[in-house]
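Take a look at the letters that make up each chain.
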Amino acid sequence: MHSFLLFSPEVAAARTAGKPIVALESTIISHGMPYPQNVHTAREVEQVIRDAGAVPATIAIIKGKICVGLSEDQLETLGSSPDAIKVSRRDLPYVLSQGRLGATTVAATMICAELAGIEVFVTGGIGGVHRGAETSFDISADLQELAQTSVAVVCAGVKSILDIGLTLEYLETHGVPVLAVGQPGFPAFFTRDSGFKADFQLDSPEEQAAFIRTKWQLGLKGGVVVSNPVPAESAMAPDEIDAIIHQALQEAQQQAVSGKQVTPFLLARIKELTGGRSLATNIALVKHNALVGARLAVALQHKAA
C-alpha cells in the first residue's frame, strides 16, 4: 500500500528528522471555497502550521498517487480545476486506479494520514448525520472513519447544516471521544456553541496529547474529535445563521440536490446569503484549527519521545 504514497520533499525531510507533521484535507480547497481564495487560504493555513513548529502535509490524489504534501503548482491545479473528484473511502480505489485528480474528504484524508504515519489532521468541520437522516439514511462516511481510523481530528465541530444531536449520538455509539478546547460546549462551525456539550474539556495540547496517547496505548482504535470553537471575533450570530441555513436547506430540497453535492451547494448558498461573511468565518476557523492542531502534533511528538 505504501507504493501509492508520494511524499513532498518538505514532508519527506520531516519524516526523516522526526518532526511533527499535520495532515490537511484537500476537499476544502476544491469544493469548500471559491478560487482563488481557496488556494490563498491553503497556503496561509500551511504557514500557520509551520510557524507553530510542525510541518503541513496537504493530501490529494494526483496521477495515481496519494500525494502527502503538495507543491505550489499542485495546489494551484487542485484549486482551479473543475474536474477534481470529491474522494471518500469508497472512491479511493477508483480515483487512484484511473489516475484521476482527487480531493480528499475528512474520511479519505484520515485513511491516507494513517497510511503515512501522521497522527493529527486539521479540517474545518467534520461531516455528520444530515437532517432528515431517519428517512434518507444520509450519514457522512466521516463518522464511520472516526470509529475505526486512529487519527486525531481537529475541527470546529460539525456544520450547523447537520443534525448535531444525532451526530454526537452516533459518535458516542461508536466510542469516538469528543474533546472541547477552551469551553465545555461543542461548537457548531459558524458559531461557538451548538447547545450540546462535548464529552471532555481539555484545553492544553499536553492534556489532549496525554488523552490521545492513553486511548491508543490501551488498544482502543479509532479517532478522537478535538473540537475547537471559531474565534469569538469571527463567529456569526446563531439566530442569523440558523435562518439562513434553514432557507438553504429548503432550496436544496426544492432543487433535488442530493449525495455529495449537498454540502458544497449549501456552503455556496450560505456564502451568497451572508454576503461572503460565512467564507470569512470559514477561513478564520480553519486557521485557528491549524494552530491548535500544530500544537497538538508537537505535544504528541514529545509524548512519543
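Below is a short write-up of the structure. In this text the structure is predicted, and so the values were computed from the model without any measurement.

1. Here we look at unusual backbone geometry
Here is step 1: Looking along the chain, the bond that leaves Tyr 35 and enters Pro 36 is cis, with omega of 5°.
Here is step 2: Considering the arrangement of structural elements, one finds Pro 36 in the loop between helix H2 (27-30) and helix H3 (37-51).
Here is step 3: The phi torsion at Phe 137 lies on the positive side, around 60°, for a residue other than glycine.
Here is step 4: Summarising the element assignment, Phe 137 is placed in the loop between helix H7 (133-136) and helix H8 (141-148).
Here is step 5: What makes Phe 137 exposed here is its relative accessible area of 67%.

2. Quick look at the environment of Gly 128
Here is step 1: As for its position among the elements, Gly 128 is in the loop between strand E7 (120-122) and H7.
Here is step 2: Those residues within four positions of Gly 128 in sequence are excluded, and the remaining contacts are Asp 138, Ile 139, Ser 140, Leu 143, Leu 162 and Thr 167.

3. Description of the packing of aromatic side chains
Here is step 1: Enumeration according to the criterion identifies 2 aromatic pairs in this entry.
Here is step 2: Centre to centre, the rings of Phe 189 and Phe 190 are 4.8 Å apart; their planes meet at 85°, and the pair counts as edge-to-face.
Here is step 3: Exposure remark for Phe 189: the relative accessible area of 1% places this residue in the buried category.
Here is step 4: By relative accessible area, Phe 190 is classed as buried at 2%.
Here is step 5: Positioned over the ring face of Phe 189 is Lys 159, at 5.0 Å from the centre of the ring.

4. Details of the pairing of strand E2 (residues 21-24)
Here is step 1: The alternating pattern of E2 places Ile 21 and Ala 23 and Val 22 and Leu 24 on opposite faces, both of which are buried.
Here is step 2: By the bridge criterion, 4 bridges tie E2 to strand E3 (residues 55-62) in an arrangement that is parallel. Directly across from Ile 21, in E3, lies its bridge partner Val 55.
Here is step 3: With 3 bridges connecting them, E2 and E7 associate as parallel partners. Note that in E7 the partner of Val 22 across the bridge is Val 120.

What counts and how
Along each chain, residue indices are assigned from 1 in the same order as the chain's sequence is written. Where local features are concerned, this predicted model is filtered to residues with pLDDT of at least 70; where side-chain atom pairs are given and counted, the filter is 80 or more; whole-chain, interface and lining totals use all residues. The basis for every side-chain value is the complete set of heavy atoms in the structure, and neither hydrogens nor water enter the calculation. We count a stretch as a helix when DSSP gives it H or I for four or more residues in a row; a strand needs E for two or more, and each element gets its number in order from the N terminus. A simple rule labels every residue: compare its accessible area, found with a 1.4 Å probe on the protein chains alone, to the largest value its type can have, and call it buried under 20%, exposed over 50%, or partly exposed in between. Contacts: residue pairs with any heavy atoms within 4.5 Å of one another. Each pair of aromatic rings taken from Phe, Tyr and Trp, with Trp reduced to its six-membered ring, is defined by centres within 6.5 Å and is described as stacked if the planes are under 30 degrees apart, edge-to-face if over 60, and tilted in the remaining cases. Placement of a charge over a ring requires the Lys NZ or Arg CZ to be within 6 Å of the ring centre, with the centre-to-atom vector within 35 degrees of the ring normal. Pairing between strands is defined by DSSP: at least two bridges between the two strands are required.

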